[in-house]
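Structure assessment
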Amino acid sequence: AYVTLGANAVGGQNNLEAIKIALKSYLVHGFTHIQSVADGPWIYQIKSDVDSGKILGPKIIINEKPIIPKSLELESISDLLYSVVDNKDLTLKEFNRQKADGGRSIPIFNRNDKEGVFSLDQALLNQMRQEAAEENKILSIHTFAERLSIIDALVSGNRYLVHPILSDLGSEISELHKKELHLTPILNVYRNLQFTDVEEEDGKLELEFLRNNSKFFVTHYVSMYETNLKMEIPKKELKLLKSEYSSYLKFLEKNPILKQKLILGSGAGNRLSFPGISGIQELKILSGIWNLDEFFFRIPTQNSCSFMSFSYDGVIAIGREANLLVLKENPLKNIDTLFQIEEVFKQGKPVLFTSAPTKKNPKRR
């Protein structure tokens, strides 16, 4: 869930060729279905080309443009990517359009900006939640890990949140809210923000790990990773990033009940979050918090596919689509084997990553 095909992992924009490589990367790394967020109108043609077989890629579900309150920092933001609102009437107009025409989830980017000219308060969020539920739809609140945004979302009855939660906030969230919470923490996005090229630091160690485990990464992304890793981060900012990330992990450690409804979001398109690769990285981070068991792997399958409303719901059963991975080892014993995919089946057919030469029919004697 939550990938942006138009953005690359080093802060730039993808052209068509880069998008094709990104789509292949998802399949190579085992992701047969993705949810596109904040991509331009061109994404509909990409989806059509994938569906018709012109482009190799996973099944794509397209989210509507995120609704985001207006602020000074958003003056130059493209209205092709986001629906920027500055009053209640405009918010409800866009919300009603998405409720009628969009997919199951309606994305809300509810960042509490001090320079904001408008905010989505609890009353408005509650109203939209109730009206969305009448149409069997949900609000997906992107909180940007901000306390007020998280509290507003939960108090207004919303239970689908994107971005992590600080450990200190755990005492302010009721046990009932935690039990009902469908969280998409995108931890690897926040972890990657603190990566540098200092020897023996996490950024350098992760680079070596990916080199050793993903041939696709070495072929297509390693130079981008190395260049961006050299970005200097002020010591004070780096210390804060590390402290906050540690707190996000601690919140999940203290609340294992969240695993039951956790949704896998890779955050691909953010810094050093590469297509498909970042999804496995997210799972690896989570595996360091919770024990690997059969329920753990419901996160990238049943939980996430049900949220994105794919018909097979991420389960293996007679009569459902066959979207399967064949692995060298049991990932319950070794999470890194997710990089060792032998074969990918998408909608019942094996994915052919290279075009095999056409065999001529032998002449009959």
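It should be emphasised that the depicted structure is a prediction, and the values quoted were computed from it without experimental measurement. (Residues numbered from 1 in each chain as written. Predicted model: local features only at pLDDT ≥ 70, side-chain atom pairs only at ≥ 80, totals over all residues. Heavy atoms only, no water.)

Our next topic: unusual backbone geometry. Phi is positive for Tyr2, which is not a glycine, with a value near 60 degrees. For Tyr2, the position within the fold is in the segment before α1 (16-28). For Tyr2, a relative accessible area of 6% puts it in the buried group. (Helix = DSSP H or I, 4+ residues; strand = E, 2+ residues; numbered from the N terminus. Buried < 20%, exposed > 50% of the residue type's maximum accessible area, 1.4 Å probe, protein only.)

On to the environment of His33. Relative to the helices and strands, His33 is located in strand β1 (residues 33-36). Sequence separation between His33 and Thr301 is 268 residues, and the spatial gap between their C-alpha atoms is 9.9 Å. Leaving out residues up to four positions away in the same chain, His33 has contacts with Pro58, Lys59, Met308, Phe310, Tyr312, Glu321 and Asn323. (Contact = heavy atoms within 4.5 Å.)

For any pair of aromatic rings, the description rests on two quantities: the centre-to-centre distance and the angle between the ring planes. Using the criterion set out here, one finds twelve aromatic pairs in the structure. Their ring planes at 75 degrees and their centres at 5.3 Å tell us that Tyr190 and Tyr248 sit as a pair that is edge-to-face. Of this pair, Tyr190 sits in helix α7 (residues 187-192) while Tyr248 sits in helix α11 (residues 235-254), placing them 58 residues apart in sequence. When sorted by exposure, Tyr190 lands in the same class as Tyr248, which is buried. Pairing Tyr225 with Phe274 gives two aromatic rings, centres 6.0 Å apart and planes at 25 degrees, and the pair type is stacked. Of this pair, Tyr225 sits in helix α10 (residues 222-229) while Phe274 sits in the loop between α11 and α12 (277-287), and the two are 49 residues apart along the sequence. Just as Tyr225 is buried, Phe274 falls in that class too. Chaining the aromatic ring pairs together yields one cluster made of Phe216, Phe217, Tyr221, Tyr225 and Phe274. Here Arg111 stacks its cationic end above the ring of Phe144, 5.2 Å away from the centre of that ring. The lysine or arginine in question, Lys284, covers the ring of Phe209, its NZ or CZ lying 3.5 Å from the ring centre. (Phe/Tyr/Trp six-rings, centres within 6.5 Å; stacked < 30°, edge-to-face > 60°. Lys NZ or Arg CZ within 6 Å of the ring centre and 35° of its normal.)

Empty space within the largest pocket amounts to approximately 1300 Å³. Of all the elements in the fold, those that place two or more residues in the lining of the largest pocket are β3 (67-69) and α7. In terms of residue class, the lining of the largest pocket is built from 24 nonpolar, 19 polar and seven charged. Estimated volume of the second largest pocket: approximately 870 Å³. As for the second largest pocket, its lining consists of 37 residues, and the residues nearest its centre are Gly30, Phe297, Pro300, Thr301 and Leu325. Going through the elements one at a time, β1, α12, α13 (299-307) and β9 (324-327) are the ones with two or more residues in the lining of the second largest pocket. In terms of residues, the lining of the second largest pocket owes the most to one element, α13, which gives five residues. Residue composition of the lining of the second largest pocket, by class: 21 nonpolar, 13 polar and three charged. (1 Å grid on protein atoms, 1.4 Å probe; cavity = no way out; pocket = protein on both sides within 12 Å on 5 of 7 lines; lining within 4 Å. Points joined across faces, edges and corners; volume = space filled by probe spheres on them. Nonpolar A, V, L, I, M, F, W, Y, C, P; charged D, E, K, R; others polar.)

With that settled, the discussion passes to the pattern of salt bridges. In the structure shown here, the tally under the stated rule is 15 salt bridges. Glu201 serves as the salt-bridge partner of Lys242, at 3.4 Å between the closest nitrogen and oxygen. Taken together, the positions of Lys242 in helix α11 and Glu201 in the loop between α7 and α8 (202-213) put the pair 41 residues apart, joining distant regions of the chain. In this structure, the salt-bridge partner of Arg211 is Glu226, at a minimum N-O distance of 2.0 Å. (Salt bridge = Lys/Arg side-chain N within 4 Å of Asp/Glu carboxyl O.)

Moving on to the packing of helix α3 (residues 88-101) against helix α4 (residues 122-134). Their axes nearest at 11 Å, the elements α3 and α4 cross at an angle of 20 degrees. It follows from the interaxial angle that α3 and α4 lie roughly parallel. The element α3 and its partner α4 pack so that their crossing is right-handed. Contacts from Lys88, Thr91, Leu92, Phe95, Asn96 and Lys99 in α3 reach Leu124, Gln127, Met128, Glu131 and Ala132 in α4. Partitioning the contact of α3 with α4 into residue classes produces five nonpolar, three polar and three charged. (Axes fitted to C-alpha atoms, helices over the stretch in contact; angles between N-to-C directions. Parallel < 35°, antiparallel > 145°, perpendicular 65-115°, else oblique. Left-handed = near helix turned anticlockwise from the far one by under 90°.)

Further remarks concern α11. The first and last C-alpha atoms of α11 sit 29 Å apart over 20 residues, in line with the 28 Å expected at 1.5 Å per residue. Listed as buried for α11 are Leu238, Leu241, Tyr245, Ser247, Tyr248, Leu249, Phe251 and Leu252. Against the buried residues of α11 lie β8 (182-184), α7 and α12. (Expected span 1.5 Å × (residues − 1).)

Another point: the sheet that holds strand β10 (residues 341-346). Within the open sheet, the three strands sit side by side as β9-β10-β11. Their pairing is antiparallel. Two strands bound the open sheet, and with one partner strand each, they are β9 and β11 (349-350). Bridge count between β10 and β11: two bridges; the pairing is antiparallel. Within β11, the residue paired with Phe345 across the bridge is Pro350. (Pairing = 2+ DSSP bridges.)

A word on the pairing of β1. A regular strand places its side chains on the two faces of the sheet in alternate fashion. Residues His33 and Gln35 line one face of β1 and the alternating positions Ile34 and Ser36 line the opposite face, and both faces are buried. Note that β1 and strand β2 (residues 59-62) share four bridges and pair parallel. When the sheet's bridge partners are listed, His33 is paired in β2 with Lys59. Crossover connection from β1 via helix α2 (residues 43-52) to parallel β2: handedness right-handed. (Right-handed = clockwise from strand over helix to strand, strands pointing away.)

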